[in-house]
Amino acid sequence: MSQQNPVFIPGPTNIPDRLRLAMQVQTQDHRAPDFVETFAPVLEDTKKVFGTDQGQVITFPASGTGGWEAAVTNTLSPGDAVLVARYGMFSHRWIDLCQRHGLDVRIIECPWGSGAPAQKFAEALAADNSHEIKAVLVTHNETATGVRSDIAAVRKAMDASTHPALLFVDCVSSLASMPFEFDDWGVDIAVSGSQKGFMLATGMAILCVSPKALAAMETANLPRTFFDFRDMMNANASGGFPYTPPLQLIYGMRESLKMLFEEGLDNVYARHFRLAEGVRKATSAWGLELVAQSPDLYSDTVSAIFVPDGFDSNALTDHAFNAYGVSFGIGLGEMNGKAFRIGHLGSLTDVMVLSGLATIEMAMADLDYPIELGSGVAAAQAYFRVGHATPMQSAA
Ligand SMILES: *Cc1c(COP(=O)(O)O)cnc(C)c1O
């Protein structure tokens, strides 16, 4: 595949040259004083992206899955109940992880394409008089279906039932791309990673933890060693790391935060909305349907799009890769063969998104899809022309 083409998978995302260069550093002694000066501000600045003053940012050398494991093992004990809704591949995987840790996982099955069922959470919590449920787990942006859930509504439902459960949120494919309000939404642990909105290489799990979750840690006794918050926080308190840190990623993170703040977080979110809208305009011009069931659920970082009956989405993504050297997201789990995904997060501009739309349109035309070649691109062009690209977009 051509190294020049961007990827349109919803993570890992395109790494801007500025961040690739920032990660090109020579080995440095992580026990020397200058490591402290590099790392401490990164933890502090990441709080702004989570939207927190109260929370503590904790990182591990891991992918997002390691972040899920850290959240669960630091705060829960074997047999504890957790409440979680399954509406896509990522919520499913978090459920699987909890089951393998011996938790009592209470699952609300939801149609794929729907979001977190705040009302059903409220009912389940209200019925749990003895407070067996210790945590509610929510995937903010279900990357398999392109659905963004309303975390504030989940928090409201929890408060309405005055239930003390913790609220854990997977924001791996939303943080640094869509608004996130750790404090205002009353989140207890948020889990993210380096390879999506932060536009970096994979390898750093990035968490934010509330004082309430830290208190739960004192009595929680699921086994944990590598992911123990206490070891990490103790070492971080004096600017260090309990084992060898992913130095290159820490340098990358420092530069990524600089880029995000230079553009301005609100502009970052506005850009993602705009790119997503361009993709949505194209989708309707093709006469295709999104997996997300209603506009309030539309994700600004990934769109999952049903192929017409009788077509195989895997054949489409394979053809786009083989013929044009461009990767799109395949349909995961229940969506396999039925839907493809366009990732539109991270280092992307209007112009890059137009190239992705043009590519998938060629691939669909090659495979005799009932679409008009150029229709999706034209719809996105019409939308993008309305406003001019921001200075950051033309520079990125
Ligand atoms: C990418 C992603 C993850 C993390 O997966 P890793 O491959 O372990 O980094 C978790 N949740 C969601 C919603 C994701 O999109």
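Just so you know, these numbers come straight off a predicted model, no measurement behind them.

Undergrad: Explain the pattern of salt bridges to me, and be specific about the residues and the numbers.
TA: All told, the structure shown has 20 salt bridges when counted by the stated rule. Taking the shortest distance from any N to any O, the salt bridge between R20 and D17 comes out at 3.1 Å. Placement of the pair is R20 and D17 together in helix 1 (residues 17-22), with a separation of 3 residues, close to one helical turn. Its relative accessible area of 49% is what places R20 among the partly exposed residues.

Undergrad: Let's hear about the domain arrangement of the protein: which residues, and what values?
TA: By domain assignment, the protein separates into domain 1 (17-261) and domain 2 (265-385). Contacts between domain 1 and domain 2 engage 27 residues on the former and 23 residues on the latter. Of the roughly 2100 Å² buried between domain 1 and domain 2 on both sides combined, carbon and sulfur atoms contribute 63%. Contact with domain 2 buries surface across domain 1, with W112, R148 and S177 losing the most and accounting together for 27% of the total. Remark: the boundary between domain 1 and domain 2 carries 1 salt bridge. A salt bridge links D300 to R148; the shortest N-O distance between them is 3.4 Å. Inspection of the region where domain 1 meets domain 2 yields 9 residue pairs in polar contact (both at pLDDT 80 or more). Elements that contribute at least two residues to the side of domain 1 that touches domain 2 include exactly helix 2 (33-50), helix 4 (89-100), strand 6 (147-148) and helix 9 (247-263). Grouping the constituent residues of the side of domain 1 that touches domain 2 by class yields 14 nonpolar, 10 polar and 3 charged.

Undergrad: Kindly report on the confidence of the model for the protein, identifying the contributing residues and their values.
TA: With 97% of its residues at a pLDDT of 70 or more, the protein has an overall mean of 96. With pLDDT under 50 throughout, residues 391-396 is counted as low confidence; its partners more than four residues away or in other chains account for 9 contacts.

Undergrad: Got a sec to walk through the site of the ligand? Specific residues and values, please.
TA: Residues in close proximity to the ligand total 13 residues, the closest being S63, T65, T143, D170 and K196. One of the side-chain nitrogen or oxygen atoms of S63 is found 2.5 Å away from an oxygen atom of the ligand. Take Q195: an N or O atom from its side chain is 2.7 Å from an oxygen atom of the ligand. Taking 380 Å² as the accessible area of the ligand by itself, protein coverage stands at 88%. Mapping the ligand onto the cavity grids shows that it belongs to the second largest pocket. Element by element, the count of residues in the shell around the ligand is highest for helix 3 (residues 64-75), at 3 residues. By residue class, the composition of the shell around the ligand is 3 nonpolar, 8 polar and 2 charged.

Undergrad: I'd like to hear about empty space enclosed by the protein, residue by residue, with values.
TA: As enumerated under the stated definition, the model contains 2 cavities of 30 Å³ or more in all. By volume, the second largest cavity is sized at about 50 Å³. What lines the second largest cavity is simply T145, G146, R280, L290, V291, A292, Y298, S299, V302, S303 and A304. Take the lining of the second largest cavity: its biggest share by element is 3 residues, from strand 10 (residues 302-306). Here the lining of the second largest cavity is composed, by residue class, of 6 nonpolar, 4 polar and 1 charged.

Undergrad: So, the sheet that holds strand 7 (residues 166-170): which residues are in play, and what are the values?
TA: Spatially, 7 strands are ordered 1-9-8-7-4-2-3 in an open sheet, and the strand pairing comes out mixed. The sheet terminates laterally at strand 1 (56-61) and strand 3 (104-109), the two strands that pair on one side only. Between one strand axis and the next, the sheet turns through 20 degrees on average, direction left out of account. Of the pairings in the sheet, the one linking strand 7 to strand 8 (residues 189-193) comprises 3 bridges and is parallel in character. Counted as the bridge partner of V169 is A190 from strand 8. Where helix 5 (residues 118-127) meets the sheet, it contacts strand 2 (81-86), strand 3 and strand 4 (133-139), and its direction lies at approximately 175 degrees from that of strand 4.

What counts, and at which threshold
Sequence positions are assigned chain by chain, starting from 1 and proceeding in written order. Since the coordinates come from a predicted model, pLDDT governs what is reported: local features require at least 70, and pairs of side-chain atoms require 80 or more to be given and counted, while whole-chain, interface and lining totals use all residues. By convention in this description, side-chain values take in all heavy atoms of the structure and omit both hydrogens and water. In the sections that follow, a salt bridge refers to a side-chain nitrogen of Lys or Arg positioned within 4 Å of a carboxyl oxygen of Asp or Glu. Under the DSSP-based scheme used, a helix requires at least four consecutive residues in state H or I and a strand at least two consecutive residues in state E, with every element numbered from the N terminus. The rule is simple: take the accessible area with a 1.4 Å probe, protein chains only, and divide by the maximum for that residue type; under 20% is buried, over 50% is exposed, in between is partly exposed. In this document the domain limits rely on a domain assignment from an automatic tool or a database. In this analysis, two residues are considered to be in contact whenever any of their non-hydrogen atoms come within 4.5 Å of each other. Accessible-area loss on putting two parts together, using a 1.4 Å probe and summing over both, is the definition of buried area adopted here. A 3.5 Å cut-off defines polar contacts: any pair of N or O atoms within that distance qualifies, except that in protein one atom must be a possible hydrogen donor and the other a possible acceptor, and neighbouring residues in sequence count only when both atoms are side-chain atoms. Residues are sorted three ways: Asp, Glu, Lys and Arg are charged, Ala, Val, Leu, Ile, Met, Phe, Trp, Tyr, Cys and Pro are nonpolar, and all the rest, Gly among them, are polar. Each residue gets a pLDDT score, which is the predictor's confidence in that residue and runs from 0 to 100. We call a residue near a molecule or strand whenever a single non-hydrogen atom of that residue lies within 4 Å of it. Using a 1.4 Å probe, the Shrake-Rupley method yields the accessible areas, and only the shown protein chains count as cover for residues. Site definitions follow a grid-based scheme: protein atoms alone, a 1 Å grid, a 1.4 Å probe that fits but cannot get out for cavities, and for pockets an open set with protein on both sides within 12 Å along at least five of seven lines, plus lining residues having an atom within 4 Å of a point. Put plainly, a molecule is in a cavity or pocket when over half of its atoms are within 2 Å of the grid points there. Grid points are joined across faces, edges and corners, and a volume is the space filled by probe spheres set on the points. Any two strands between which DSSP finds at least two bridges are classified as paired. Here the axes come from fitting lines to C-alpha atoms, over the contacting stretch only for helices, and the angles between their N-to-C directions go from 0 to 180 degrees.

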